[in-house]
Amino acid sequence: MFVVERRKRKGLKNTILQYQFCYGCGACTAICPQKIIELKLNKDGFYQPIIVDEKSCLSCGLCLSVCAYRDKDKKENILPIQSFAAWSLDDNERKLASSGGVGLNLVKTAVRDVRNVCGVRYNVNLRKAEHYISKTEEEVVATTGSKYIQSDASQMLQNIKKGEQYIFVGTPCQIASFRKLMQKKRMEQDVIFMDFFCHGVPSMNMWRKYEEELIGKVGKIKSVTWRDKNEGWHESWVMTIEGEKQTFRKSRKAGDLFYSFFLKCAGALMEPVSE
């Protein structure tokens, strides 16, 4: 949950602007009938929805209807929990993945069953993590491994098509809103939702500052790996960034700055800002 910027707007009621906190899931951008909500980074470096054309807002409340933060205190009917332990039998998959390869095998199975996979990749050109839709086993490989920054799901959600089947992979707060969005679209029966334990994420401002400093050393970035296992599983808090000039690799133990912020500060409560 992140504090977002809000200012009072006359005449706009029943919209996401009435909330001071946000998960940055982007579901409201996809449900808006006027297509006037966009997901942007605020001054603190976290995604938040904004209304780009306030005069066109209908105050219909659909953006609120898919907002997971709005229902954060609502208790749902909880199904009995079943737990299983599993890992991939493929050595390469276990090395690439952060979950022992379980997530990768689940989405590969979904693709074989003709389901579209909505997962996260790191876009080196846009310098951000983004949700995207993959339709083949080759395309789904980019979802492998953790991306310890906030992902932008707004474009992916705009491209969901009724009549097709999907598996959505995301954080618990993202999945809560994605489910509400699919219910509104009457597509919940066509979707499998898969979330994971979430630690929280640092600001994108911090990530881009960290990345800019490394670009000066390694050149244009070609790939980013947040949990490099070249040192083994027990020392897997290793950041590896492959650049055009050279490769940067540094562990948490060796004082990598990203992990210093991520493991000490992410998820900390933030004081509300006054309107």
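Here goes a summary of the coordinates provided.

About the cut-offs
- Residues numbered from 1 in each chain as written.
- Predicted model: local features only at pLDDT ≥ 70, side-chain atom pairs only at ≥ 80, totals over all residues.
- Heavy atoms only, no water.
- Helix = DSSP H or I, 4+ residues; strand = E, 2+ residues; numbered from the N terminus.
- Buried < 20%, exposed > 50% of the residue type's maximum accessible area, 1.4 Å probe, protein only.
- Contact = heavy atoms within 4.5 Å.
- Areas by Shrake-Rupley, 256 points an atom, 1.4 Å probe, with all protein chains shown as cover.
- Pairing = 2+ DSSP bridges.
- Axes fitted to C-alpha atoms, helices over the stretch in contact; angles between N-to-C directions.
- Polar contact = N/O pair within 3.5 Å; in protein donor to acceptor, adjacent residues only side chain to side chain.

1. What to know about the overall build of the chain
And then number 1: Each helix and strand counted, the chain has nine helices and 12 strands in total.
And then number 2: Looking at the chain residue by residue over its 275 residues, the buried ones come to 47%.
And then number 3: Nonlocal contacts in the chain, meaning residues at least 24 apart in sequence, comprise 59% of its contacts between residues at least 6 apart.
And then number 4: With the model as given, the accessible surface of the chain reaches about 15700 Å², and the carbon-plus-sulfur share is 50%.

2. Points about the sheet that holds strand E9 (residues 191–195)
And then number 1: Judged by pairing direction, the sheet is mixed, and its five strands sit side by side in the order E7-E6-E5-E8-E9 without closing on themselves. Two strands lie at the open edges of the sheet, namely strand E7 (151–152) and E9, each paired on one side alone.
And then number 2: This element, helix H7 (residues 172–184), spans strand E6 (128–134), E7, strand E8 (166–170) and E9 of the sheet and lies at about 165° to E9.

3. What about the sheet that holds strand E11 (residues 238–243)?
And then number 1: Reading across the sheet, the three strands line up as E10-E11-E12 and stay open at both edges, with antiparallel pairing between neighbours. Strands at the two margins of the open sheet, each flanked by one partner only, are strand E10 (221–225) and strand E12 (247–251). The average angle at which neighbouring strand axes cross in this sheet is 10°, direction not considered.
And then number 2: Each of E10, E11 and E12 touches helix H8 (residues 204–218); the most contacted strand, E11, lies at about 50° to it.

4. Quick notes on the environment of phenylalanine 258
And then number 1: Mapped onto the elements, phenylalanine 258 comes out in helix H9 (residues 257–265).
And then number 2: Accessibility expressed as a relative area gives 0% for phenylalanine 258, which makes it buried.
And then number 3: Separated by 19 residues in sequence, phenylalanine 258 and methionine 239 have C-alpha atoms that sit 8.1 Å apart.

5. Quick notes on the side chain of asparagine 123
And then number 1: By the secondary structure assignment, asparagine 123 is in strand E5 (residues 116–123).
And then number 2: When its relative accessible area of 15% is taken as the criterion, asparagine 123 is described as buried.
And then number 3: From its side chain, asparagine 123 meets the backbone nitrogen of leucine 126 in a polar contact 3.0 Å long.

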